[in-house]
Amino acid sequence: SCCENIHYLAEKHMETQRFSLDTGEHDRISLIARTIFGVVCIAAAIITTVKMAGSGLLNMNNIAAIVFLGLFGIWLLATGLGLTQRHMTLAGDSIVLKKSAYSPARTIKAADIREIEFSQLRITFTLKTGKIIALQLGLLYRESSLRLMEAVEQFCTSNGIVARGIESDMNNTIHEEN
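Description of the structure in this document. These numbers were taken from a predicted model, which means no experiment stands behind them.

1. Looking at the overall build of the chain
A tally of helices and strands in the chain yields four helices and eight strands. Its helices and strands in sequence order give the chain the pattern α-β-α-α-β-β-β-β-β-β-α-β, from N to C terminus. Out of the 178 residues belonging to the chain, those deemed buried represent 30%. Pairs at least 24 residues apart make up 58% of the contacts formed inside the chain by residues separated by at least 6 positions. Entry remark: accessible area of the chain is about 11,600 Å², with carbon and sulfur atoms responsible for 60%.

2. Here we look at the pairing of strand 6 (residues 122-127)
The element strand 6 is largely enclosed, with a buried count of five among its six residues. Where strand 5 (residues 113-119) hands over to strand 6, the hairpin turn is made up of two residues, counted between the paired strands. Here strand 6 folds back onto strand 7 (residues 132-136), and the loop between the two strands holds four residues, one of which, glycine 130, carries a positive phi near 100 degrees.

3. With respect to helix 2 (residues 28-55)
Every α-helix carries 3.6 residues per turn, so stepping three or four residues along brings you back to the same face. Given a rise of 1.5 Å per residue, 28 residues ought to cover 40 Å, and the 41 Å separating the end C-alpha atoms of helix 2 matches this to within 8%. Along helix 2, the positions that sit buried rather than exposed are Ser30, Leu31, Thr35, Gly38, Cys41 and Ala45. Of the surrounding elements, those touching the buried residues of helix 2 are helix 3 (60-80). The first or second residue beyond helix 2 is glycine 56, which carries a positive phi of 80 degrees.

Parameters and conventions
Residues numbered from 1 in each chain as written. Predicted model: local features only at pLDDT ≥ 70, side-chain atom pairs only at ≥ 80, totals over all residues. Heavy atoms only, no water. Helix = DSSP H or I, 4+ residues; strand = E, 2+ residues; numbered from the N terminus. Buried < 20%, exposed > 50% of the residue type's maximum accessible area, 1.4 Å probe, protein only. Contact = heavy atoms within 4.5 Å. Areas by Shrake-Rupley, 256 points an atom, 1.4 Å probe, with all protein chains shown as cover. Pairing = 2+ DSSP bridges. Expected span 1.5 Å × (residues − 1).

Any functional reading would require information beyond the geometric quantities listed.
Here it is as structure tokens:
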């Protein structure tokens, strides 16, 4: 029918949008530097362990320092490879959400969402199962948070999902206090 065709066209034309939920910048140079330094830290931890184990100098203080250096290297390597980046991706009829650096990304289908509620620094997804997924937005980048909220609002419109909460208006400062 006509309405199904309009819904299909709106879904087809909704481009994939990815929003970073991190407060820091992730440019190519910093990611490469983190990867290199991560590999260097891991290599230094391994080499130091082998040398100290062979010389009999391995004690609890050295082991603690080596473990710290190795774990720090693993963290740098993971951030350099982008494995810890928090993000939200909107595509057609699904949302991919990675809320924390430690958890895997979660895909939420539009058909599974009962409603989405917007508040000042939070987006709450209420699923048809009754489960609630809350996404805290950052304080530092107001424009990014507003663009994300507007994109989610467009996602709601395109997929016929109930949206509740504050109006989207980049110039609206009613909820802010100076």
